[in-house]
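Okay, here's what each chain looks like letter by letter:
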Number of protein chains: 2
Amino acid sequence: MARSGPKLTRIARTLGVSAATVSNALSGKGRVSAELAEKIRVTAAELGYVPSLAGRALRTGRTAVLGLVLPDIANPLFPQIAQAIELAASSAGYGVLIADSRGDVATQTKAIERLIDRDVDGMVIVPRRGTRIADVGCPVAVIDTPSTPGNTVAADHWGGGRQIAEHLKALGHRRVLVIGNNPASNVQNDRIGGIRSTFGDGAFVEILWIESLEREEGKGCPLGLAAKVAEGFTAFACVSDLHALRALTELQRAGINVPEKASVTGFDDLIWSPVVTPALTTARMDMTRIAAIAVEALVKAIGERDPADAGIGAPVTAENAEVPMQLVVRQSSAAPPATQFQPAQTIANAGAAASARNTAPEGEHQP
Amino acid sequence: MARSGPKLTRIARTLGVSAATVSNALSGKGRVSAELAEKIRVTAAELGYVPSLAGRALRTGRTAVLGLVLPDIANPLFPQIAQAIELAASSAGYGVLIADSRGDVATQTKAIERLIDRDVDGMVIVPRRGTRIADVGCPVAVIDTPSTPGNTVAADHWGGGRQIAEHLKALGHRRVLVIGNNPASNVQNDRIGGIRSTFGDGAFVEILWIESLEREEGKGCPLGLAAKVAEGFTAFACVSDLHALRALTELQRAGINVPEKASVTGFDDLIWSPVVTPALTTARMDMTRIAAIAVEALVKAIGERDPADAGIGAPVTAENAEVPMQLVVRQSSAAPPATQFQPAQTIANAGAAASARNTAPEGEHQP
DNA sequence: TATCGATGATTAAACGATTAATCATGCGAT
DNA sequence: ATCGCATGATTAATCGTTTAATCATCGATA
């Protein structure tokens, strides 16, 4: 839409100078005397001049637009991510174009193509389940997990798992059921890895994959957690608040009080986590920071890139690829009920009890 | 990013014709012989020609980009909405630029300005709590509620409330607590209106506003639903699945089984609704349809608009401003427990029992 | 046969910004 | 006095597309 606003030449005419000078003054590129430059800036401001992105794009080959690709847009994390990326991008002068792929790989490819056709300067991709990103022909920032090759920046999911585990361990849990959705997800695997490695040999950790369960029992089937409690599990560490919610309601429904009889933890601090009863203990990503790093890396790559080439679009890299997660302790986790097997056995391997003391009380930031 | 792809002139040269002819052939506007046009289309296709949006935008004043403004981006409905709008827009040849306002009105204005500065051809706005949209200078589609002035298209929230109420009424509920968040929200008021009006005088309906409760008791405070059950309420109709979730977990935690001792219903069919225990009975919007109508109206307005004028941007209007909601019955609603006051009294005003038979069993589409 | 009209294609001028190349000017140094 | 150079500003080309105006050609009509 052609705005009404004044054009470059209008400012030029107003001041009796050439359009080129105005452009130079505003961009600080050419040679313009300080006073004139100032005068130009002032009149540009009071005339409410806004450059035409289209004109600039045509000339420079830069659209100042980034694409945001979220293969799994139904993901409840979407709001957080979109918000963070939009903030980072807009404060760097970029717009954000969304691309949806409805979870489907073919659709995703199409969506990415549409972004390319729209001449985005770069894209931020949050891949689903470790999908490899084909070369797209423009700078790409990948937000997945630090352990994924080609990852630009991500939360330290492993560390998040560690924090959750240390918290549960410190509370005294020794039989833990980890609930994940899909073993193909790098994010989930890292979180689980962090949990398992922290518990080590002094505890019993089992994994339940929801997707394989549902393949047999149907979508939304019960997870059978009451039985697990009967087996002696005292804590359910879920790789997402969505699963934590599912676990929590199923346990409650079965008359198993959380956290008295069993603890439940999640990941991501999704919208409902603070308001359910009991509020969920979870680990939160610093999305703002992640987005800032991703966008910064992207912008840098765009700046260094020759606008003419349609060169290879290898994922860009950033300094700090690993952003710590933050443990948020709420009411869904507590000490296990007085139980069958106690210290003696476990105290052996538990220097962890001390280190676990570091575990954040409500809202501490990790270094 | 300047793509590598061929330009118009390249195709022209390849065929020994002028660029204008190619443009005409591809757009079907000028006068080009059928054969030549076909030949041009073919070579354009095999050369993989993609027009430069920047060039076109500069010349036509149309960017083929729509802005999506969601004042409350944290809204868990966001994924649904964004997905639907993106789909509708992209199949109409438009890109979608997101604008975030972090719930803040000032920020929202800035975000809208940024969209304007980027020359969006139009915008879709989902206002929060009946915020009036100031004139933004480009066509605008407003998705709020049918009862809001200036609304372009929306779900029939009132009708959704009616369906929920008919469902509960048919089950035998006569004391219902409606749980809302904020009385300033048109959407919530319509939903509540539909519920109240359907129950009529034969039942007792009370409203609980979460926000005012939290203002006194603090964020995330208990809603005191156990007490309400003690007072004889048998159903809790929430205006959002988020609140339904809160109610459900609070009731469960208090040892009140859902749906045996109390029913809980929500709105919007959010991501967790099918997987919590018991799964939530809710009313779903047909976002795909709503988005399609909004975008269609927008595109029409854009087409009729003189690209030169920066005219007033009154909200566009659509034929079918009211899209029916769909009742989704799951496990969180059932007949109230055998109770103190029974038929005799209620049977008098209940032609509703019959009409309620229409209430959809699991997943029926409304006409 | 001269003319009119319809048809098919070309020319050229935009759109609004950027930028390399050019020009003018004044000053210091030779 | 002149050359050279640094400085400050202008000229003009360019990005890729659209579109109004123009031109050429041919058939038909008067």
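Check the entry above for the structure.
Being a predicted model, the structure only gives us computed values, none of them experimental. (Residues numbered from 1 in each chain as written. Chains lettered and ligands numbered in written order. Predicted model: local features only at pLDDT ≥ 70, side-chain atom pairs only at ≥ 80, totals over all residues. Heavy atoms only, no water.)

Colleague: Please set out the relation of the copies chain B and chain A residue by residue, giving values where relevant.
Modeller: For the pair chain B and chain A, the superposition axis carries a translation of 0.0 Å, the fit reaches an RMSD of 0.0 Å, and the rotation angle comes to 180 degrees. The superposition of one copy onto the other is thereby described by a two-fold rotation axis. No C-alpha of chain B approaches the rotation axis more nearly than that of L97 of chain B, which lies at 2.2 Å. Most of the interface of chain B is mirrored in chain A, where 100% of its interface residues are also at the interface. (Least-squares fit on C-alpha atoms with pLDDT ≥ 70 in both. Contact = heavy atoms within 4.5 Å.)

Colleague: Run through the sheet that holds strand β9 (residues 263-265) of chain A, naming residues and quoting values.
Modeller: Residues and elements named next belong to chain A. Here 4 strands make up an open sheet; going across it, the order is β7-β6-β8-β9 and the pairing parallel. Taken across any chain shown, the strands that pair with only one partner, and hence form the sheet edges, are β7 (204-209) and β9. Put simply, the sheet's adjacent strands are angled 20 degrees from each other on average, direction ignored. Relative to β9, strand β8 (residues 235-238) runs parallel, the two sharing 3 bridges. Bridged to F236 within β9 is V264. (Pairing = 2+ DSSP bridges. Helix = DSSP H or I, 4+ residues; strand = E, 2+ residues; numbered from the N terminus. Axes fitted to C-alpha atoms, helices over the stretch in contact; angles between N-to-C directions.)

Colleague: Quick rundown of the packing of helix α5 (residues 78-91) of chain A against helix α12 (residues 287-304) of chain A? Include the residues and the values.
Modeller: Residue and element names in this part refer to chain A. At a minimum axis distance of 8 Å, the contact between α5 and α12 shows a crossing angle of 45 degrees. Here α5 lies oblique to α12, going by the angle between them. For α5 against α12, the interelement crossing comes out right-handed. Side by side, α5 and α12 meet where Q80, I81, A84, I85, A88 and A89 of the first sit next to M287, T288, A291, A292 and V295 of the second. Among the residues making up the contact of α5 with α12, the classes are represented as 9 nonpolar, 2 polar and no charged. (Parallel < 35°, antiparallel > 145°, perpendicular 65-115°, else oblique. Left-handed = near helix turned anticlockwise from the far one by under 90°. Nonpolar A, V, L, I, M, F, W, Y, C, P; charged D, E, K, R; others polar.)

Colleague: Can you lay out the protein's contact with DNA strand D for me, pointing to particular residues and giving the numbers?
Modeller: Lining the immediate surroundings of DNA strand D are 24 residues, of which T21 and S33 of chain A together with L8, Y49 and R59 of chain B lie closest. In the interface set of DNA strand D, defined as its atoms within 4 Å of the protein, sugar plus phosphate atoms amount to 57%. The separation between a phosphate oxygen of DNA strand D and a polar side-chain atom of K7 of chain B is 2.9 Å. Measuring from a base nitrogen of DNA strand D, one finds a backbone N or O atom of G55 of chain B at 3.2 Å. For the surface near DNA strand D, the elements supplying multiple residues, two or more each, are α2 (19-27) and α4 (53-60) of chain A together with α2 (19-27) and α4 (53-60) of chain B. The element contributing the most residues to the surface near DNA strand D is α4 of chain B, with 4 residues. When grouped by side-chain class, the residues that make up the surface near DNA strand D number 9 nonpolar, 9 polar and 6 charged. (Near = heavy atom within 4 Å. Polar contact = N/O pair within 3.5 Å; in protein donor to acceptor, adjacent residues only side chain to side chain.)

Colleague: Can you break down the sheet that holds strand β6 (residues 175-180) of chain B residue by residue, with the values?
Modeller: Residue and element names in this part refer to chain B. The strand order across the open sheet formed by 4 strands is β7-β6-β8-β9, and the pairing between neighbours is parallel. Of all strands in the sheet, those bounded by a partner on one side alone are β7 (204-209) and β9 (263-265). Within the sheet, the average angular offset between the axes of one strand and its neighbour, ignoring direction, is 20 degrees. Docked against the sheet, helix α9 (residues 210-217) engages β6 and β7, running at close to 50 degrees with respect to β7.

Colleague: Break down the packing of α4 of chain A against α4 of chain B for me, with residues and values.
Modeller: In contact at an axis separation of 8 Å, α4 of chain A and α4 of chain B are set at 140 degrees when each is read in the N-to-C sense. It follows from the interaxial angle that α4 of chain A and α4 of chain B lie oblique. Handedness of the α4 of chain A/α4 of chain B crossing: left-handed. Contacts between α4 of chain A and α4 of chain B involve A54, G55, A57 and L58 of chain A from the former and A54, G55, A57 and L58 of chain B from the latter. Here the residues of the contact of α4 of chain A with α4 of chain B are counted per class, giving 6 nonpolar, 2 polar and no charged.

Colleague: Now, about the side chain of E214 of chain B: what can you tell me, with residues and values included?
Modeller: Residue and element names in this part refer to chain B. With respect to the element layout, E214 can be found in helix α9. Owing to a relative accessible area of 12%, E214 belongs among the buried residues under this scheme. Residues in contact with E214, not counting those within four places in the same chain, are K219, G220, C221 and R246. (Buried < 20%, exposed > 50% of the residue type's maximum accessible area, 1.4 Å probe, protein only.)

Colleague: Can you explain the pattern of salt bridges? Please cite residues and give values.
Modeller: One side chain can pair with another of opposite charge once the charged atoms of both are near each other. Taken as a whole and assessed by the stated rule, the structure comprises 17 salt bridges over all chains. A salt bridge links R114 of chain B to E86 of chain A; the nearest nitrogen and oxygen atoms lie 3.1 Å apart. Here E86 of chain A lies in helix α5 and R114 of chain B lies in helix α6 (residues 105-117), a pairing that spans two chains. Looking at R114 of chain B, the relative accessible area reads 31%, which means it is partly exposed. Since its relative accessible area comes to 6%, E86 of chain A is described here as buried. A salt bridge links D269 of chain A to R284 of chain A, with the shortest nitrogen-to-oxygen separation between them at 2.9 Å. Of this pair, D269 of chain A sits in the loop between β9 and β10 (282-284) while R284 of chain A sits in strand β10, and the two are 15 residues apart along the sequence. Salt bridges sharing common partners tie together D269, R284 and R330 of chain A. (Salt bridge = Lys/Arg side-chain N within 4 Å of Asp/Glu carboxyl O.)

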